[in-house]
Every structure is written in C-alpha cells, then in structure tokens.
Amino acid sequence: KAGVTQTPRYLIKTRGQQVTLSCSPISGHRSVSWYQQTPGQGLQFLFEYFSETQRNKGNFPGRFSGRQFSNSRSEMNVSTLELGDSALYLCASSRGLAAKNIQYFGAGTRLSVL
Amino acid sequence: EDQVTQSPEALRLQEGESSSLNCSYTVSGLRGLFWYRQDPGKGPEFLFTLYSAGEEKEKERLKATLTKKESFLHITAPKPEDSATYLCAVQARDDKIIFGKGTRLHILP
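Residues numbered from 1 in each chain as written. Chains lettered and ligands numbered in written order. Predicted model: local features only at pLDDT ≥ 70, side-chain atom pairs only at ≥ 80, totals over all residues. Heavy atoms only, no water.

Peer 1: Describe the side chain of Gln68(A), and please don't skip the residues or the numbers.
Peer 2: Residues and elements named next belong to chain A. Within the element layout of this structure, glutamine 68 appears in strand E7 (residues 64-68). Relative accessible area serves as the criterion here: at 6%, glutamine 68 is assigned to the buried category. Here the side chain of glutamine 68 touches arginine 30 through a polar contact of 3.1 Å, landing on its backbone oxygen. Within the structure, the side chain of glutamine 68 is placed 2.9 Å from the backbone nitrogen of glutamate 52, a separation counted as a polar contact. When neighbours within four sequence positions are excluded, glutamine 68 is seen to be in contact with Arg30, Ser31, Val32, Tyr49, Phe50, Ser51, Glu52, Thr53, Arg73 and Ser74. (Helix = DSSP H or I, 4+ residues; strand = E, 2+ residues; numbered from the N terminus. Buried < 20%, exposed > 50% of the residue type's maximum accessible area, 1.4 Å probe, protein only. Polar contact = N/O pair within 3.5 Å; in protein donor to acceptor, adjacent residues only side chain to side chain. Contact = heavy atoms within 4.5 Å.)

Encoded structure:
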C-alpha cells in the first residue's frame, strides 16, 4: 500500500513569489492535514481538509491557503513568500477526521525562501 | 493558551540504558495525547494514542503513560535503532492538534 506522497521534495523560491505544494494521501483516506515544521517552533498545524471542505485551521496568516480535490489529493499554496516561510511542510492523511484517527505523514517538502 | 512542552530537548544514552522522556501539557479539555517518532529526512511515524489519565500502552521497548498533567515515554534497554526524535502532541477540545518541539534521542552502541 503506497504511503503519503508529497511533491516536490525540495523547492527554492525568492521573497515575494508564490508556491504550491502537493499531497497525495493514502488510498481510501479522506482527511488531509498540513503542518509547518521549523527548528524554532517545531510542528505547527496549518489546516485540515475532509471531503473537500476545510474542517480546521491553525493560526497562520491568510497567505497560507489550501484545497482538496474530489480524489482527496490536496494542495497548499503560500503567496507573497517571506524569509520566515522557509520550513519543512508536512502533509498527513487519515481515514477520517484527524482528531479521531491515526495520521500518516509524508516525507515533506523542504521550502527555502531566499 | 494550549501548550505542550517536552523535556529534555536532547538525550544521549548508552545501549541498554533505560530512561524516560517527558511531555507536559496545558490544554483545555484534553481529548487525546499522541506520541510519534521522526527519523531524519522523514515524516513523523505514529506510535501511541492515550485518552485518559492512568492509561498505558506498550510497543516493543516503548511504554507510554498518561496523567492529568503529563505523559512519559519510557524506553527500556534501548538499541541504536531507537535513535530518533520523539514528538508528543495533544488534541484539544477544538480538535486542533498541538505538537511539542520533540526530544532528540541518541543511543550509543
């Protein structure tokens, strides 16, 4: 059974640009959550999508947005990139809502903003 | 404010030397506490979920316990392959999941 797949694995962008990250969940999983991981702040919750609807959102500015498609694949977009957005972005999928199910994480996309 | 604090930040043990990792939390209406393991270059891997004070769960050399204020991850007779970062997370009443910053564990052969 294939795991959670995140693409691309690495990205380099410059300040002011925008970026889109992709996440393909485990087959049959309907929930996708996104996290930002940095050495200083650790893992921070961005948002969760379930059945194409955003179910929960963390404390991040509106520059961070996401969506989920009918096949449960999800994308995360960051507009007007800032240096502080450099981080490892992790996606996790679960069979149902993350609060009630085991989350399986992808290997992440490492974003560097120059 | 909901918060999760893990200690120590880093821990070096000799192979076979048992120890415990701590996860203390302040959260409104704890609905679940999770332990994950993260290896370099990989995403976190689920280990345990604990729901109520007094609950314990075991897997191989790992045992997780929960009280009303903290959780412990006990590692018995660790091996070098147990080296990883161990993450604790809590599920608050609003269903948001809050992670601690982790404990980097290094087991020396």
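Having seen it, we continue.
Peer 1: Residues and numbers for the pattern of salt bridges, please.
Peer 2: Side-chain pairs of opposite charge can arise whenever the charged atoms involved come near each other. Enumeration over the complete set of coordinates arrives at nine salt bridges over all chains. Note that Arg67(A) and Glu75(A) form a salt bridge whose closest N and O atoms lie 3.2 Å from each other. Between Lys63(B) and Glu56(B) there is a salt bridge whose closest N-O contact spans 3.3 Å. (Salt bridge = Lys/Arg side-chain N within 4 Å of Asp/Glu carboxyl O.)

Peer 1: A description of the state of the cysteines should follow, citing residues and the corresponding values.
Peer 2: Residue and element names in this part refer to chain B. In total, this model carries two disulfides over all chains according to the counting rule given. Sulfur-sulfur distance for the disulfide between cysteine 23 and cysteine 88 comes to 1.9 Å. On the sign convention where negative is left-handed, the bridge of cysteine 23 and cysteine 88, at about -55° about the S-S bond, is left-handed. Of the two residues, cysteine 23 is situated in strand E3 (residues 19-26) and cysteine 88 in strand E9 (residues 84-91); the sequence distance between them amounts to 65 residues. Here cysteine 23 matches cysteine 88 in class, with each residue buried. (Disulfide = S-S within 2.5 Å.)

Peer 1: Before we move on, could you go through the nonpolar core and cite the residues and values that matter?
Peer 2: Among the nonpolar cores identified, the biggest contains 24 residues, and Leu33(B), Trp35(B), Leu73(B) and Tyr86(B) are the most heavily contacted of them. Of all the secondary-structure elements, those providing two or more residues to this core are strand E2 (10-14), E3, strand E4 (32-38), strand E5 (45-50), strand E7 (62-66), strand E8 (70-75), E9 and strand E11 (103-108) of chain B. Ranked by residue count, the leading element in this core is E9(B), at four residues. By size, the runner-up hydrophobic cluster in this structure holds 21 residues, among which are Ile26(A), Val78(A), Leu111(A) and Val113(A). (Core = buried A, V, L, I, M, F, W, Y, C linked by side-chain atoms within 4.5 Å.)

Peer 1: Could you give an account of the sheet that holds strand E6 (residues 56-59) of chain B, with specific residues and numbers?
Peer 2: Residues and elements named next belong to chain B. Strand order in the open sheet formed by five strands is E1-E3-E8-E7-E6, and the pairing between neighbours is antiparallel. Edge positions in the sheet fall to strand E1 (3-7) and E6, since each of these pairs with one other strand and no more. Neighbouring strand axes in the sheet, compared pairwise and without regard to direction, differ in orientation by 15° on average. In the sheet, E6 pairs with E7 via four bridges, with the strands oriented antiparallel. (Pairing = 2+ DSSP bridges. Axes fitted to C-alpha atoms, helices over the stretch in contact; angles between N-to-C directions.)

Peer 1: Account for the pairing of E9(B), with residues named and values stated.
Peer 2: Residue and element names in this part refer to chain B. In terms of burial, E9 is a largely internal element, eight of the eight residues being buried. Residue alternation in E9 divides its side chains into two sets, Ala84, Tyr86, Cys88 and Val90 and Thr85, Leu87, Ala89 and Gln91, and both sets are buried. Bridge analysis of E4 against E9 gives seven bridges, and the strand direction is antiparallel. Residue pairing for E9: glycine 32 is matched across the bridge by glutamine 91. Sheet topology places E9 next to strand E10 (residues 97-99); three bridges connect them, and they run antiparallel. Bridge pairing in E10 links alanine 89 to phenylalanine 99. From the end of E9 to the start of E10, which pair antiparallel, there are five residues, and aspartate 95 there has a positive phi angle of about 70°.

Keep in mind that these numbers describe shape and distance, not what the molecule does.
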